[in-house]
Amino acid sequence: MSDSLKDRVRAKLLAQLADDGGTAAEQAEGDDPRLNALRDDLDALESAQDGDPVIDDIAARHWVP
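Residues numbered from 1 in each chain as written. Predicted model: local features only at pLDDT ≥ 70, side-chain atom pairs only at ≥ 80, totals over all residues. Heavy atoms only, no water.

S.K.: Tell me about the nonpolar core, and please be specific about residues and values.
M.R.: Val 9, Leu 13, Leu 17, Leu 35, Leu 38, Leu 42, Leu 45, Ala 48, Ile 55, Ile 58, Ala 59 and Val 64 form the largest nonpolar core, which has twelve residues in total. If you list the elements that add at least two residues to this core, you get α1 (5-20), α3 (33-47) and α4 (53-61). With four residues, α3 is the single largest residue contributor to this core. Setting aside anything within four residues of it in sequence, one finds Val 64 in contact with Leu 5, Arg 8, Val 9, Lys 12 and Ala 59. (Core = buried A, V, L, I, M, F, W, Y, C linked by side-chain atoms within 4.5 Å. Buried < 20%, exposed > 50% of the residue type's maximum accessible area, 1.4 Å probe, protein only. Helix = DSSP H or I, 4+ residues; strand = E, 2+ residues; numbered from the N terminus. Contact = heavy atoms within 4.5 Å.)

S.K.: Now, about α1: what can you tell me, with residues and values included?
M.R.: Three- or four-residue spacings in an α-helix give side chains the same orientation, since the helix completes a turn every 3.6 residues. Counted at 1.5 Å a residue, the expected span for α1 with its 16 residues is 22 Å, and the 22 Å between its end C-alpha atoms agrees. Considered for burial, the residues of α1 that qualify are Lys 6, Val 9, Leu 13, Gln 16 and Leu 17. Down the axis of α1, the smallest arc covering the buried residues is 100°, so these residues share one side. When the buried face of α1 is taken as reference, the exposed residues oriented beyond 90 degrees from it are Ala 18 and Asp 19. Contacts from the buried residues of α1 go to α3 and α4. (Expected span 1.5 Å × (residues − 1). Arc of directions from axis to C-beta.)

S.K.: Talk me through the environment of Glu 46; I want residue IDs and the actual numbers.
M.R.: Positionally, Glu 46 belongs in helix α3. Sequence-wise, Glu 46 and Arg 10 are 36 residues apart; in three dimensions their C-alpha atoms are separated by 8.3 Å. Polar side-chain contacts of Glu 46 include one of 2.7 Å to the side chain of Arg 10. (Polar contact = N/O pair within 3.5 Å; in protein donor to acceptor, adjacent residues only side chain to side chain.)

Here it is in C-alpha cells:
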C-alpha cells in the first residue's frame, strides 16, 4: 500500500527536524531559520486538506517524490 504525498512529506519534514534539530539550547533559542522554515512547512502541511496545492509546493521544496 502506498503512502499519500502528504504522508511522505510529513515523514521527510519530521526526519529533517530530527536530523538537523541541533542542541536543546539551539532549539530553545528558536532563531535557526532552517529549523523555523521546516516547522512552518510542517504546520502548513498539517493544516492542508488532501489535494491542497500547498502539499505539492512543500513537496517540491523538500524534494519529496
